[in-house]
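What follows is the residue order along each chain.
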Amino acid sequence: MSEKSNRRFEQDVLCHLDIIYRMAVKLTGSPDEAEDLVQETFLRAHRSFARFEMRAYGAKPWLIKILHNVFYSCRANAARAPTLFDDLSLDDLAAELRPEADWLSAGEVVDWDRFDDELRRALLDLSPEYREVIILWALADLTYQEIADAVGCAIGTVMSRLYRARRKLSESLSEFAADRRLDRGADTVP
């Protein structure tokens, strides 16, 4: 690429590095995997930047589409890869499945850091299709049409997935709140 193209790439594309990384973390659930995903996304963007046509809404939807394609390609490759069960311990698995102890007793202040963990878990429990649209909608602040373009589906599909994702999150987090007797907007338990 020419020096002019490199400068344009830096101005138009690299400015979205932070949002692409945050979305990659939300998609993968792992900062290490997200870094690899972002690196591959920007490598592919750099390779095809000469063919990129800037639209009114900029390079962000284009990068999100690349991220989407890289993420699902990696998942498909991982699904075809052989797995090893040598490191699997049934005791470790059973420990992971045990419910955690209640972390809030009467009179205590809500541990919002722990609440963030519950929100993260609820997001990660969503199927990737639902997780992706809720992240694009909530974090990337994309329109339904931009999300549809990024993930390669119809706008009605985006709306349906977003509705279902929000409903599943609501169900998951309402159980969390009910289990801990949290009232809306309250910082303490009565």
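Notes on the structure follow. (Residues numbered from 1 in each chain as written. Predicted model: local features only at pLDDT ≥ 70, side-chain atom pairs only at ≥ 80, totals over all residues. Heavy atoms only, no water.)

## Some words on the side chain of glutamate 132
To be explicit about the condition: Secondary structure elements are defined from DSSP: runs of H or I of at least 4 residues count as helices, runs of E of at least 2 residues count as strands, and each element is numbered from the N terminus. Each residue gets one of three labels from its accessible area relative to the maximum for its type: buried under 20%, exposed over 50%, partly exposed in between, using a 1.4 Å probe on protein chains only. Just so you know, the count uses Lys and Arg for positive and Asp and Glu for negative, and it drops His and the chain ends. Here, a salt bridge means any side-chain nitrogen of Lys or Arg that lies within 4 Å of a carboxyl oxygen of Asp or Glu.
Considering the arrangement of structural elements, one finds glutamate 132 in helix H7 (residues 128–138). Although glutamate 132 is buried, it forms no salt bridge, and the closest oppositely charged side chain is arginine 161 at an N-O distance of 5.4 Å.

## Topic: H7
Residue pairs spaced three or four apart in an α-helix point in one direction, given the helix's 3.6 residues per turn. Where burial is concerned, most of H7 is hidden: eight out of the eleven residues are buried. Listing the buried residues of H7 in full gives Pro128, Tyr130, Arg131, Glu132, Val133, Ile134, Ile135 and Leu136.

## Thoughts on the environment of alanine 59
What counts is decided by this rule: The contact rule is simple, with two residues in contact once any of their heavy atoms fall within 4.5 Å.
When you line up the elements, alanine 59 lands in the loop between helix H3 (31–47) and helix H4 (60–80). Distance from alanine 59 to alanine 45, taken between C-alpha atoms, is 9.8 Å for residues 14 residues apart in sequence. Beyond its immediate chain neighbours, meaning those up to four positions away, alanine 59 contacts Asp12, Val13, His16, Phe52 and Met54.

## Here's the deal with the environment of aspartate 12
Among the structural elements, aspartate 12 can be located in helix H1 (residues 3–12). It is 6.4 Å that separates the C-alpha atoms of aspartate 12 and alanine 59, two residues lying 47 residues apart in sequence. Not counting the four nearest positions on each side in its chain, aspartate 12 is found in contact with Met54 and Ala59.

## Observations concerning the pattern of salt bridges
Inspection of every chain in the model, using the stated rule, returns four salt bridges. The salt bridge partner of arginine 22 is aspartate 18, with a shortest N-O separation of 3.6 Å. Placement of both arginine 22 and aspartate 18 in helix H2 (residues 17–28) is noted, with a separation of four residues, approximately one turn of the helix. The class of arginine 22 is partly exposed, set by a relative accessible area of 37%. The exposure class assigned to aspartate 18 is partly exposed, which follows from its relative accessible area of 48%. Residues glutamate 171 and arginine 167 are paired through a salt bridge, measuring 3.8 Å at the closest nitrogen-oxygen approach. Here the residue glutamate 171 and the residue arginine 167 both occupy positions in helix H9 (residues 155–179), the gap between them amounting to four residues, near one helical turn. What makes arginine 167 partly exposed here is its relative accessible area of 37%.

## Here we look at a nonpolar patch on the surface
Our working definition: Residues enter patches when they are more than 30% accessible in relative terms and free of salt bridges; like-charged ones are connected within 9 Å and nonpolar ones (Val, Leu, Ile, Met, Phe, Trp, Tyr) within 5 Å. All accessible-area figures derive from a Shrake-Rupley calculation using a 1.4 Å probe, and residue coverage is judged against the displayed protein chains alone.
Together, Trp137, Tyr144, Ile155 and Met159 make up an exposed nonpolar region whose accessible area comes to about 340 Å². Within the secondary structure layout, tryptophan 137 lies in helix H7. Judged by its relative accessible area of 33%, tryptophan 137 is partly exposed.

Nothing here speaks to function; it is all geometry.
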